[in-house]
Each structure stands twice: as C-alpha cells, then as structure tokens.
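Chain residues, written in single-letter form:
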Amino acid sequence: MPHFIEKGVMVFDSTDEKENKWAKEVGIQTTGILIDKDGKLLCVTDVSCLIDNEGVLKIPSRVKTISEGAFSGIDINIKKVIIPSTCKAIEKNAFNGQNQIEEVIMEDNGVEKMGTGVFKGCTNLKHVKMANSVTDIMGDIFFGCKNLKTLELSNKINTIAAYNFYNCSSLESLTIPDSVKTIGPYAFQGCKNLENLKIGNGVTSIGTGAFYGCTKLLVTVAESNPKYKTIGNALCTSNGDRIIQIFRGSDLTEYSIPEGVKYLDNVFSTCTKLEKIVIPSTLKEVNGAIFTPLRNLSNIEVNSGNENFYSDGKALYNYEKTSIIRYYAQDISYTVLDTVTILEESCFDQNTNIRNLVLPDNLVEIKKLAFRSVLLSNIKLGAKVEKMNGMSIYGIYETTKITIDSANPYFIIEGDMLFNIDKTKLVKMLKRKETVDIPNSVTEICNYAFHGDTILKKINIPNSVVKIGMSFQFCTSIETIEIPNSVQEIDEHCFTETKIKAIIVHKEKGSIAKAPWGQSSGIKVVEWIGNE
C-alpha cells in the first residue's frame, strides 16, 4: 500500500481516484491530492499534510504538471509555495484566488510554461521568483495581485501577455528582458505606482492599452530597439506613425496630435484633464474607446486636410459620416446624423451628460460598449438594426427603456429579454433578476447574454438549449448551475470570474469539451451525473 509518515500520521498516497475514495471511507488519511501516473497533479482538496509549520508548501517532486484550477477554490493557509525543478508546466488558474500566498519560488530549470491566470487574484502575493526556464506565459498571470512588489522574470520569456500585471498597484519598477518580443494589450493596466519600466531591444509589438492608467510611469527604450522610441513623454513607433501612450499627462488640457501620426493606441488614459484634441491631416484610424477617460473633453478639432474624419462640433465621425466614433459634447440631447449606419465601439461610453438621444433610421450595426453607463431615458432601435450582441448594450442602466421597431426582421424584445426574431437565440437579458427562466424556444444562449449580472442567483435552462456561449462571465452570485442533457457545446470562457461551486451536467462525463469552461476552481466543481 503506497503511504508515507507525515507529522506522526500515516498518510495514504495513491494516484488512483478509486483507491483514495476507499481510503477515506475506511478512515485512512489521504494526501488530499490526486496525481496521475504521468505526474499530472489533477485535483486538490486538502494539502495540510504537505504544509510545514511556517505555511510553506513544497509541491511533490513527482509532479510534472499542475493542472487547471488545482489549488483554486479550496480553503488552505499557504504562505509560501516552492515549485520543484521536476515540474515543467502550470496550467491555467492553478492558484487562482489563493489570497494567503505571499511568496512563490520556482526552482530553476523547471517550469517552462504557465497558463492563463495562474496566480490571478492572489492579493497578498508579494514576491515571485520565476524559474529561468520559463519561456511561455499566458494572459492574466498576476491579474489583481495588488501587493506584488518584487518579481524576478525569466530571461527566456518571449511574451508579456494581455493583462499579465493588471492592477498590480504595488509594483514600482520592472526590467523587461531582451528575450521579450511582445507586450500584450493592457498588460500593465492599473499599475498606478509603476514608475520605471525598461523595454529591451527585443520588443517588436506592444498591444493597445498596455500601460493604461499607469499614472506615474515613464518608459525608457533601449537605443538599439528597432521598433520603438520615446519622444518627450510619449512612446511611439520609431518612424513616428503610431503613438502608443502619453505618460504623466495629468496636467494637459489641450493636445495637438503631431503631423505624421497615422494611428493612435489607447493613449490618453493619464490625460484626465484634457479638454481639446486637434487631429492632424495624417491620422487614419482611431477607436472611440481612447476618449472614454476624458470626462472634460468638449472639443475635437479636425485638420481641414484630413480626409478620414469629420466633426460637427459635438461628435467625431468618419469622413463619409456613415459611422459615429465618439460623442464628446457636454450637451444633454443629441441627434445622430441620419447618414450613420454604424455606432462604433464606445461611441457614447460613460458620457454622463447626455439624457436624450435620437438614433437614425438607417442604423444597421451597434458595436460593443456603445452605451455603457449612459443615463439615457430611452433607446429606440429602428427596423434596419441587424448587427448587435449582448456587449453592444452592456452597461445600460435599468431605468433606460429599450424598444425595437415592430418592423425589425432581426430582433424582438419580450419579457425583458432581447431575442433574435424567432426567439431561438437569447441575445441579452435586459433587466437583472435573481431567478431567470429561459423560454423553451431558445436553442442558444449567446455570448454576453448575462455578462456582469451580479444579481442573478438561479438560471433555469430548458432542454431545448444546445449551445451556451460566453454567457455568464462575472455573474458572481450564482453558486450552482445545472446543464441539461440537450447541451452539446459550452464556450471555454463561459464561467470566467464566477464563484460557482457546482456545475451539474446531466450528461456522460466528458461529453461536453473544455470543462470547466473558465471556472477558476477547475474540474472539481464539475459533476457529471449521466444522461437523463
């Protein structure tokens, strides 16, 4: 019988799930971890026998891979984690939410790959030594680690992925190794105390918003870097055609984008006092989301030689006036030009002044976050609107009444729900409720249908549903959800940022791919109860 003595107690140690279950039934203590024959740590329920008196957990040397969500969602008091050189991979969400951990040490020549969100939400994590063997790290690795102070990166990593250091507000300085080629979107967003960041000569790609909200930051770029340079407080491409970020812009009230600039990333996140922006003749592309932080903005002036944009003094449009990019005026009422067919991303996002909005009859498409946190009395959608999803109308206040022209052949609203016209697709729940019964006409719960609904506790899914998209992200009040046997597909990110403790699936084990579908606690929250 496999066993060892720990703290004077015999502990049963088996790689077989059935053997561990038997041991518990007869009263023999088990390790509380399940490691398969290939060295993959599959599941953790209790690791007390592996933690010393100082709260140090050393991963067993026979572990080669720590599986998805292995240490997430369990009540353990770990202060320090030591990952041995025998461990080569840490899968996504492995330690997600373990907010007692203060230090992580990875022995060198060990871990090579780290999945998404490995230490996400470890809010007391202060120090990390990354193994020198790490080459691949996915997004959200240290997302929300607000006390992370010191970090030793591997000099072999090739990417700092999206949201890797999101809201790591205690991080003050960091040197990016020359091995890094890519810095992903919003990689350092919210690092409000980060003052010094050195970009090596290897970086050739920086994603939009990489330094969003880094109010104290100044970036230096290696002189030998062929792609990027700094000009004053701005980080831009070496040929000057794209501005990546304006740093320490809190005192700016007016900004003239230099001639020669063709593209803007999310550049204005620190320029919260900005009132006026002048667009040069050379600018070709801009996303309305870059203006969202600018609550004082009241004037966008377009150079007369620019053939890509038009401003009517209240909103920025494309030159042809077929899409509205950003409403920036402080007025409470506005009528969108009747030539417009597209509401671009974030075109009214967080404009807290406007109350009355008239949309054109020619409107065809509404892109994401068009109306977030806007205090409109009503939104009337015309007969031609055919392209929108749950994120298009996400964040609209419940006091806003949404109506759709009865002649619209694409969408219909019934019972506070937005459907496609034949009610087979639930596009968006318009009012938040604790309990929701989905009609049995629905075969698909679409992406973002319940996104961010913190009120929802119980959802009754009928046996008609075949597909569930990225539907329940950030639904933090749901503890249990039942999946009927009709469901064939669930998006791999469906339950991201939820606190679900049990996903009960009325199907044979493994019959729906990609479990646990983004729930950070891993497979231990999924219960397959057979085809019923």
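Residues numbered from 1 in each chain as written. Predicted model: local features only at pLDDT ≥ 70, side-chain atom pairs only at ≥ 80, totals over all residues. Heavy atoms only, no water.

**Digging into the overall build of the protein chain**
Piece 1. Across its full length, the protein chain carries 1 helix and 46 strands.
Piece 2. In terms of overall size, the protein chain behaves like a compact globule, its C-alpha atoms giving a radius of gyration of 26 Å where 532 residues would be expected to give roughly 24 Å.
Piece 3. If you line up the protein chain on its principal axes, its C-alpha atoms span 80 × 60 × 30 Å.
Piece 4. Residues counted as buried form 52% of the 532 residues belonging to the protein chain.
Piece 5. Long-range contacts, defined as pairs at least 24 residues apart, comprise 30% of the intrachain contacts of the protein chain with a sequence gap of at least 6.
Piece 6. Element-wise, carbon and sulfur atoms account for 47% of the exposed surface of the protein chain, whose accessible area totals about 23,000 Å².
Piece 7. Within the protein chain, the 63 negative side-chain charges are centred at a point lying 2 Å from the centre of the 59 positive side-chain charges. (Helix = DSSP H or I, 4+ residues; strand = E, 2+ residues; numbered from the N terminus. Rg over C-alpha atoms; globule rule 2.2 N^0.38 Å. Buried < 20%, exposed > 50% of the residue type's maximum accessible area, 1.4 Å probe, protein only. Contact = heavy atoms within 4.5 Å. Areas by Shrake-Rupley, 256 points an atom, 1.4 Å probe, with all protein chains shown as cover. Lys, Arg positive; Asp, Glu negative; His and termini not counted. Charge placed at Lys NZ, Arg CZ, Asp CG, Glu CD.)

**Topic: the side chain of Glu68**
Piece 1. Structurally, Glu68 is set in the loop between strand E6 (65-66) and strand E7 (80-83).
Piece 2. Put simply, Glu68 is tucked away with no salt bridge, and the nearest opposite charge, on Lys92, sits 4.1 Å away.
Piece 3. Ignoring sequence-local partners within four residues, the contact set of Glu68 consists of Glu91, Lys92, Ala515, Pro516, Gln519, Gly522 and Ile523. (Salt bridge = Lys/Arg side-chain N within 4 Å of Asp/Glu carboxyl O.)

**A closer look at the sheet that holds strand E26 (residues 299-302)**
Piece 1. Read across the open sheet, the 3 strands follow the order E23-E25-E26; overall the sheet is parallel. Only two strands of the sheet have a single partner each, and these edge strands are strand E23 (254-256) and E26. Going across the sheet, the axis of each strand differs from the next one's by a mean of 10 degrees, ignoring polarity.
Piece 2. The pairing of strand E25 (residues 276-279) with E26 spans 4 bridges and is classified as parallel. In the sheet register, Val278 faces E26, and the bridge partner there is Glu301. (Pairing = 2+ DSSP bridges. Axes fitted to C-alpha atoms, helices over the stretch in contact; angles between N-to-C directions.)

**Quick look at the packing of aromatic side chains**
To describe a pair of aromatic rings, you give the distance between the ring centres and the angle between the ring planes.
Piece 1. Evaluated as defined, the whole model comprises 22 aromatic pairs.
Piece 2. The interplanar angle of 5 degrees and the centroid separation of 5.9 Å between the aromatic rings of Phe119 and Phe142 together place this pair among those described as stacked. Placement of Phe119 in the loop between strand E10 (113-114) and strand E11 (127-129) and of Phe142 in the loop between strand E12 (136-137) and strand E13 (150-152) is noted, with a sequence separation of 23 residues between them. Take Phe119 and Phe142: they sit in the same class, and that class is buried.
Piece 3. Taken together, a centroid distance of 4.3 Å and an interplanar angle of 15 degrees make the contact between Phe143 and Tyr166 stacked. In this pair, Phe143 sits in the loop between E12 and E13 while Tyr166 sits in the loop between strand E14 (159-160) and strand E15 (173-175), placing the two residues 23 residues apart along the sequence.
Piece 4. Put simply, the rings of Phe71, Phe95, Phe119, Phe142, Phe165, Phe188, Phe211 and Phe247 pair up and form one aromatic cluster.
Piece 5. Positioned above the aromatic ring of Phe143 is the side chain of Lys120, whose terminal nitrogen or guanidinium carbon lies 4.5 Å from the ring centre. (Phe/Tyr/Trp six-rings, centres within 6.5 Å; stacked < 30°, edge-to-face > 60°. Lys NZ or Arg CZ within 6 Å of the ring centre and 35° of its normal.)

**Description of the confidence of the model for the protein chain**
Piece 1. Summing up the model confidence of the protein chain, the mean pLDDT is 91 and the portion of residues at 70 or higher is 94%.
Piece 2. Segment residues 1-12 is flagged for pLDDT under 50; beyond a separation of four residues in sequence, or across chains, it makes 36 contacts in the model. (pLDDT = per-residue confidence, 0-100.)

**Side note on the sheet that holds strand E27 (residues 309-311)**
Piece 1. Across the sheet, which stays open at both edges, the 5 strands sit in the order E27-E28-E29-E31-E33 with mixed pairing between neighbours. The outermost strands of the open sheet, each flanked by one partner alone, are E27 and strand E33 (365-366).
Piece 2. Judged from the 2 bridges that link them, strand E31 (residues 342-343) and E33 form a sheet pairing that is parallel. Counted as the bridge partner of Leu343 is Ile366 from E33.

**Some thoughts on the pattern of salt bridges**
Piece 1. Within the structure shown, the criterion is met by 16 salt bridges.
Piece 2. A salt bridge links Lys433 to Asp416, with the nearest nitrogen and oxygen atoms 3.4 Å apart. Of the two residues, Lys433 is situated in the loop between strand E38 (425-429) and strand E39 (435-437) and Asp416 in the loop between strand E36 (411-414) and strand E37 (417-420); the sequence distance between them amounts to 17 residues.
Piece 3. Judged by relative accessible area, which is 31%, Asp416 ranks as partly exposed.
Piece 4. Salt bridges linked by common partners bring Lys120, Asp140 and Glu497 together as one network.

**Regarding unusual backbone geometry**
Piece 1. A cis amide bond links Ala515 to the next residue, Pro516, at an omega of 10 degrees.
Piece 2. Phi at Leu369 is positive, roughly 60 degrees, even though this residue is not glycine.
Piece 3. Summarising the element assignment, Leu369 is placed in the loop between E33 and strand E34 (378-381).
Piece 4. Leu369 sits in the buried class, given a relative accessible area of 13%.
Piece 5. Although it is not a glycine, Asp416 adopts a positive phi angle of roughly 65 degrees.

**Remarks on the state of the cysteines**
By definition, a disulfide links the sulfur atoms of two cysteines through a covalent bond.
Piece 1. A complete count under the given rule lists 0 disulfides for this structure.
Piece 2. The structure places no disulfide on Cys122, whose sulfur is separated from the nearest cysteine sulfur, that of Cys145, by 5.3 Å.
Piece 3. Here Cys236 is not cross-linked by a disulfide; its sulfur's nearest cysteine counterpart is in Cys271, at 14 Å.
Piece 4. Residue classification places Cys236 among the buried positions, given a relative accessible area of 5%. (Disulfide = S-S within 2.5 Å.)

**Points about the nonpolar core**
Piece 1. In this structure, Phe142, Phe188 and Phe211 are the most contacted members of the largest nonpolar core, which totals 68 residues.
Piece 2. At the level of secondary structure, the elements contributing two or more residues to this core comprise strand E3 (33-35), strand E4 (40-44), E7, strand E9 (103-106), strand E17 (196-199) and strand E19 (218-221).
Piece 3. Not counting residues up to four positions away in its chain, the partners in contact with Phe211 are Ile183, Phe188, Leu197, Ile199, Ile206, Leu217, Leu235, Gln245, Phe247 and Ser269.
Piece 4. One finds Ile354, Met388, Ile393 and Phe411 within the second-largest nonpolar core, a separate group that totals 33 residues. (Core = buried A, V, L, I, M, F, W, Y, C linked by side-chain atoms within 4.5 Å.)

**Brief notes about the environment of Leu274**
Piece 1. With respect to the element layout, Leu274 can be found in the loop between strand E24 (263-264) and E25.
Piece 2. For the pair Leu274 and Lys384, spaced 110 residues apart in the sequence, the C-alpha separation amounts to 36 Å.
Piece 3. If we ignore the near neighbours within four places in the chain, the residues touching Leu274 are Leu252, Thr253, Glu254, Tyr255, Phe268, Leu294, Asn296 and Leu297.

**Considering the side chain of Glu365**
Piece 1. By the element assignment, Glu365 lies in strand E33.
Piece 2. No salt bridge is formed by the buried Glu365, whose closest oppositely charged neighbour, Lys387, lies at an N-O distance of 4.6 Å.
Piece 3. Beyond its immediate chain neighbours, meaning those up to four positions away, Glu365 contacts Thr341, Ile342, Leu343 and Lys387.

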